[in-house]
Amino acid sequence: MNATPHPSAWGLLPEEWKPLCKELGLPSFRATQIVTGLYQTFALSWNDITTLPVELREQLSQTIDLTPLEIAHIQHAGDDVRKLLLRCQDGACIETVMIPSKGRLTQCISSQVGCNFRCAFCASGQRGCVRSLTAGEIVGQVMAACQLMRADQQAAGVPATGGTPSRTPGAKPTLPRPGNIVVMGMGEPFDNYDNVLRALRILNDQKGINIGARHITISTCGVVPGIQRLAEEGVQFELSVSLHAPNDELRNQLMPVNRRWPVAELIATCRDYFEKTGRIVTFEYTLVKDFNDRLQHADALIRLLRGMPCKVNLIPLSPVDGFDGTPPLERDSLAFLDRLLKAKLATTLRKSRGKEVDAACGQLRLRTLT
Ligand code: SAH
């Protein structure tokens, strides 16, 4: 009987395998074989790592967990968007979304089961947070996407070893993986800081899933200590801040987090973040008809962000049950966009994608990312 659950293989950084192998009395080349098995061939069980002796695979399966998240459901949206419902070992279900765009795949991943922050228009906060995800579960979502991408390739006739049929002889085969990761699924990443950062390091590691840091985006509802901590972290991940309103009066109505860290404090923290890291913050601004989509709000936003190098992403609201706001008129979104652009704010207006899956859960925001 073992009361403590086994550590998850996907929750370990590639560099942590050598000391672990030492602890288990194994030679260090086993660590290399394991890391290659996990991330080059995408093993889904210890038995898949055929470079390891059978008894060792058996020993490892007793000590370190390598069980994929169960793909409980796949929901398709018109334009090739797929939303996966994944079941963790304790039965908790999480969502991740695969969004193809311009030959790359962007994957939106969850950081928690539910969310504590209860933003008015966000379905995932409606029932609070059940628990935070482990690093292994966060990485596991990407492994599930890799698994489906591999199946897609095989269905398209690309050999199972990966790569393209015409690849140069001797070239290392590469298995498909997402090009971009956004932590914009269920949960608040800075409410699960350590596990999220650990998972993103594994995704970013060249010996891990090898996704470039600039292709990994963390999105926060405005947890100031999290932003401050990230500024000191020495990582190159992108930071996105869900602002949604240019002043406390409106932001308090949308986002209870604003009572804890109001607009002025949040923006000052973002300015500091830029000063410290030289990295540009993206502000998300969900447009709600007649609430925050008037030109006076655009002007207030311009004043608020003046002098800070940053980007703004305008997102038309996706209607959700329990929130009585409605999406903006297209001409108002365009006028808002135009106002910001004229003030030299780098602004994009995002089109939601995968409306069908959005509507079904009212939870994950599907967007094309630049
Ligand atoms: N907790 C993090 C990440 C999850 S939410 C955060 O708040 O940033 C990801 C993004 O989707 C946030 O910008 C959030 O405000 C936005 N969002 C949630 N529900 C939405 C809806 N109904 N319409 C438009 N955007 C929404």
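A short tour of the structure in this document, coming up. (Residues numbered from 1 in each chain as written. Predicted model: local features only at pLDDT ≥ 70, side-chain atom pairs only at ≥ 80, totals over all residues. Heavy atoms only, no water.)

Overview of the overall build of the protein chain
In terms of helices and strands, the protein chain carries 12 helices and 12 strands. The burial tally for the protein chain puts 54% of its 370 residues in the buried class. Relative to all contacts within the protein chain whose residues are 6 or more apart in sequence, the contacts with residues 24 or more apart total 65%. Carbon and sulfur atoms provide 52% of the accessible area of the protein chain, an area that totals close to 17,000 Å². (Helix = DSSP H or I, 4+ residues; strand = E, 2+ residues; numbered from the N terminus. Buried < 20%, exposed > 50% of the residue type's maximum accessible area, 1.4 Å probe, protein only. Contact = heavy atoms within 4.5 Å. Areas by Shrake-Rupley, 256 points an atom, 1.4 Å probe, with all protein chains shown as cover.)

Some thoughts on the sheet that holds strand 9 (residues 238–242)
The sheet built from 10 strands is open, its strands ordered 1-2-3-4-7-8-9-10-11-12 with mixed pairing. For this open sheet the edge positions go to strand 1 (70–76) and strand 12 (346–349), each flanked by a neighbour on one side alone. Across the sheet, the mean angle separating the axes of adjacent strands is 20° when strand polarity is ignored. Sheet strands in contact with helix 11 (residues 330–342) are strand 10 (281–287), strand 11 (310–316) and strand 12, and its direction is about 165° off that of strand 12. (Pairing = 2+ DSSP bridges. Axes fitted to C-alpha atoms, helices over the stretch in contact; angles between N-to-C directions.)

Let's talk about helix 5 (residues 193–204)
Here helix 5 contains 12 residues, and its C-alpha end-to-end distance of 16 Å stays within 8% of the 16 Å for a straight helix at 1.5 Å per residue. Looking only at helix 5, the buried set comprises Tyr193, Val196, Leu197, Ala199, Leu200, Ile202 and Leu203. Buried positions along helix 5 lie against helix 2 (29–39), helix 4 (135–155), strand 7 (180–183), strand 8 (216–220) and helix 6 (224–231). (Expected span 1.5 Å × (residues − 1).)

So, the packing of helix 4 against helix 5
In a pair of packed helices, the angle between the axes and the distance between the axes together describe the arrangement. Viewed as axis vectors pointing N to C, helix 4 and helix 5 meet at an angle of 40°, and their least axial separation amounts to 8 Å. Here helix 4 lies oblique to helix 5, going by the angle between them. Crossing of helix 4 over helix 5 shows right-handed handedness. Counted together, Ala135, Ile138, Val139 and Val142 of helix 4 and Asn195, Val196, Arg198, Ala199, Ile202 and Leu203 of helix 5 form the full contact between these two elements. For the contact of helix 4 with helix 5, a count of residues per class yields 8 nonpolar, 1 polar and 1 charged. (Parallel < 35°, antiparallel > 145°, perpendicular 65-115°, else oblique. Left-handed = near helix turned anticlockwise from the far one by under 90°. Nonpolar A, V, L, I, M, F, W, Y, C, P; charged D, E, K, R; others polar.)

Concerning the site of the ligand
The local shell around the ligand holds 20 residues, among which Phe121, Ser219, Ser242, His244 and Ser318 are the closest. One of the side-chain N or O atoms of Ser242 is found 2.6 Å from an oxygen atom in the ligand. Thr286 places a polar side-chain atom, nitrogen or oxygen, 3.3 Å from a nitrogen atom of the ligand. In the complex, 97% of the free accessible area of the ligand, which totals 540 Å², lies under the protein chains. Among the secondary structure elements, those contributing two or more residues to the shell around the ligand are strand 8 and strand 10. (Near = heavy atom within 4 Å. Polar contact = N/O pair within 3.5 Å; in protein donor to acceptor, adjacent residues only side chain to side chain.)

Points about the nonpolar core
Ranked by internal contacts, the top residues of the largest apolar core, which has 109 residues, are Trp17, Trp46, Phe283 and Leu305. No other element matches the 10 residues that helix 4 contributes to this core. Split by domain, this core shows at least three residues from each of two domains, domain 1 (9–63) and domain 2 (70–357). The contact partners of Leu305, leaving out residues within four places of it in the chain, are Ile267, Arg271, Phe283, Cys310, Val312 and Leu345. Core analysis: the second largest hydrophobic core is formed by 7 residues, Ala77, Val81, Cys108 and Met184 among them. (Core = buried A, V, L, I, M, F, W, Y, C linked by side-chain atoms within 4.5 Å. Domains from an automatic or database assignment.)

Section: the state of the cysteines
What we call a disulfide is simply a covalent bond connecting the sulfur atoms of a pair of cysteines. Enumeration according to the criterion identifies 0 disulfides in this entry. In this structure Cys88 is not part of a disulfide, and its nearest cysteine sulfur, from Cys93, lies 7.4 Å away. Note on Cys88: relative accessible area 4%, which makes it buried. (Disulfide = S-S within 2.5 Å.)

Here's the deal with the layout of surface pockets
Counted as a void, the largest pocket has a volume near 510 Å³. Lining the largest pocket are 23 residues, and of these Ser8, Asp65, Gln89, Thr134 and Glu137 lie nearest its centre. Top element by residues in the lining of the largest pocket is helix 4. It accounts for 4 residues. In terms of residue class, the lining of the largest pocket is built from 9 nonpolar, 8 polar and 6 charged. (1 Å grid on protein atoms, 1.4 Å probe; cavity = no way out; pocket = protein on both sides within 12 Å on 5 of 7 lines; lining within 4 Å. Points joined across faces, edges and corners; volume = space filled by probe spheres on them.)

Looking at unusual backbone geometry
Phi at Arg118 is positive, roughly 50°, even though this residue is not glycine. Take Arg118: it is sitting in the loop between strand 5 (112–114) and strand 6 (129–132). For Asn210, which is not glycine, the phi torsion reads 65° and is therefore positive.

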